[in-house]
Amino acid sequence: MVQEKDKSNLIFDETTISNASWRAVADTTSWRFVYLNITPGLHEAYTTEGAPFGCYIYGTGDRIGNVFKEAYAANVGFIVATIYGNVSGVLPEMTAGDMFDNDRDQRVDEEAPNGIDDDGDGLIDEDLAFPKTNHGNWGPWSEWLCPGVCGMARRHKVRTCSNPPASGYGLPCKGVSTFTGGNDSCHTGHICPEDCGTGTYLVDCVGDCSNCENDCNKFNGSCDRCRLGWMDPLHACNTECPEMTFGFHCTGSCSDKCSNHDCLDRIQGTCPVVGQTRDFMLLLPILLFCPICFLPCIFRRKVQMLPESEVQDLTLPF
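These figures come from a predicted structure and were not determined experimentally.

Caption draft 1: Here's a closer look at unusual backbone geometry. N163 connects to P164 through a cis peptide bond whose omega is 0 degrees. On the secondary structure map, P164 appears in the loop between β9 (152–158) and β10 (178–187). Although it is not a glycine, D232 sits at a positive phi angle of roughly 70 degrees. If you trace the backbone, D232 turns up in the loop between β13 (230–231) and β14 (239–240). One non-glycine residue, M244, adopts positive backbone phi at about 70 degrees. One can find M244 in the loop between β14 and β15 (245–246).

Encoded structure:
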């Protein structure tokens, strides 16, 4: 497809097609199009003097009655980029299919990556339409692997399409990337959660749920009820009750039970005995430094409790 004034500038396989059966493009006044029957293979289409154009290809399948069944259609070439003047020198950093006139010959991306001077300008692969094509090839097989997270599995080998990988319009590797060793079984070396004992969970039983009153879910550690002094049953009851709380799911209040004092433990909520503690601290020096002072009292009490017949035989040990 090209404008009326540029029909003579459209070149297909080094031949002008201005004398072909051109037709007007609907709803336009200057654009024209033409159908060409082409053979399989590489073809070249371009315009001189930088004229814009478009090229589309489609194929047909088997004939059904008087109608061909269309099989595919694709846009295979067009120019919307600037065409440089006929100035010698190659543009730097050419990228295949970049829509630049890299060799400044008034043609865009006219070379194929084949090591041949396709456009006859003495340069090779200097204005590529598409990147070099490499078909993929398999790399070597790996050693036997034992896949899976835990427990028993079937061993297998793997390989990658990397020797070389497919590039450009190259085809990917044919075949499979994984080979399973028949019925050969193997062990991953890891314990599955469902095999963990009471109070543990996760792979290799690394999770601790011993604070759950009953055993926990072996995959996420959740349980129905925590032991006294612990909370958060959705996360293995691994959070101890904070200050001023105790009991079942930490719902007990130390402030209410212990007159605004914190509890001594988070399980039963035992309250501190403030007065008795103070009296004991006062007596502690006397108990440490003068234990002999209390012996007569203790001995006297013991004598009074014995029968009268035994009192006469008792003597002090010093």
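Past the structure itself, the notes keep going.
Caption draft 2: Structural detail: the environment of M244. A relative accessible area of 28% means that M244 is categorised as partly exposed. The residues touching M244, leaving out its near neighbours within four places in the chain, are G252, S253, C254, S255, N260, H261, D262 and R266.

Caption draft 3: Highlighting the environment of T251. Assignment of secondary structure puts T251 in the loop between β15 and β16 (252–253). With relative accessibility at 63%, the residue T251 sits in the exposed group. Along the sequence, T251 and C241 sit 10 residues apart, while their C-alpha atoms lie 8.9 Å from each other. Within the structure, T251 has its side chain in polar contact with the backbone oxygen of F248 (distance 2.8 Å).

Caption draft 4: Spotlight on the packing of aromatic side chains. Counted according to the given criterion, the structure contains three aromatic pairs. Taking the centre distance of 6.3 Å and the plane angle of 65 degrees together, the rings of W141 and F179 count as edge-to-face. Note that W141 is positioned in the loop between β8 (67–78) and β9 and F179 in strand β10, a separation of 38 residues in sequence. Judged by relative accessible area, which is 36%, W141 ranks as partly exposed. Note on W144 and F179: the rings are 6.1 Å apart at their centroids and 45 degrees apart in plane angle, and the pair reads as tilted. With W144 in the loop between β8 and β9 and F179 in strand β10, the pair connects residues that are 35 residues apart, well separated along the chain. Following the ring pairs from residue to residue traces out a cluster consisting of W141, W144 and F179. Over the ring of W144 we find R155, and its NZ or CZ is 3.8 Å from the ring centre. Across from the ring centre of W138, 4.1 Å away, lies the NZ or CZ of R159, which sits over that ring.

Caption draft 5: Here's a closer look at the nonpolar core. Among the nonpolar cores identified, the biggest contains eight residues, and these are Y201, C209, C212, C216, C223, C226, A236 and C237. Non-local contacts of C226, meaning those with residues more than four positions away in its chain, are made with N211, C212, E213, M231, D232, P233, C237, F248 and H249. L10, F12, I17 and W22 belong to the second-largest nonpolar core, a separate cluster that totals seven residues.

Caption draft 6: Examining the pattern of salt bridges more closely. Summed over all chains, the structure comprises seven salt bridges. Residues D184 and R155 are paired through a salt bridge, measuring 2.8 Å at the closest nitrogen-oxygen approach. With D184 in strand β10 and R155 in strand β9, this residue pair connects regions lying 29 residues apart in the sequence. Residue D184 is classed as partly exposed on the basis of its relative accessible area of 34%. The exposure class assigned to R155 is partly exposed, which follows from its relative accessible area of 26%. Salt bridges sharing common partners tie together E4, K7 and R32.

Caption draft 7: Highlighting the sheet that holds strand β1 (residues 2–3). Judged by pairing direction, the sheet is antiparallel, and its three strands sit side by side in the order β1-β5-β4 without closing on themselves. The open sheet terminates on both sides in strands that have one partner only, identified here as β1 and β4 (23–24). Pairing geometry for β4 and strand β5 (residues 31–33), over two bridges, is antiparallel. Across the sheet, the residue bridging to A24 is R32, located in β5.

About the thresholds
Residues numbered from 1 in each chain as written. Predicted model: local features only at pLDDT ≥ 70, side-chain atom pairs only at ≥ 80, totals over all residues. Heavy atoms only, no water. Helix = DSSP H or I, 4+ residues; strand = E, 2+ residues; numbered from the N terminus. Buried < 20%, exposed > 50% of the residue type's maximum accessible area, 1.4 Å probe, protein only. Contact = heavy atoms within 4.5 Å. Polar contact = N/O pair within 3.5 Å; in protein donor to acceptor, adjacent residues only side chain to side chain. Phe/Tyr/Trp six-rings, centres within 6.5 Å; stacked < 30°, edge-to-face > 60°. Lys NZ or Arg CZ within 6 Å of the ring centre and 35° of its normal. Core = buried A, V, L, I, M, F, W, Y, C linked by side-chain atoms within 4.5 Å. Salt bridge = Lys/Arg side-chain N within 4 Å of Asp/Glu carboxyl O. Pairing = 2+ DSSP bridges.

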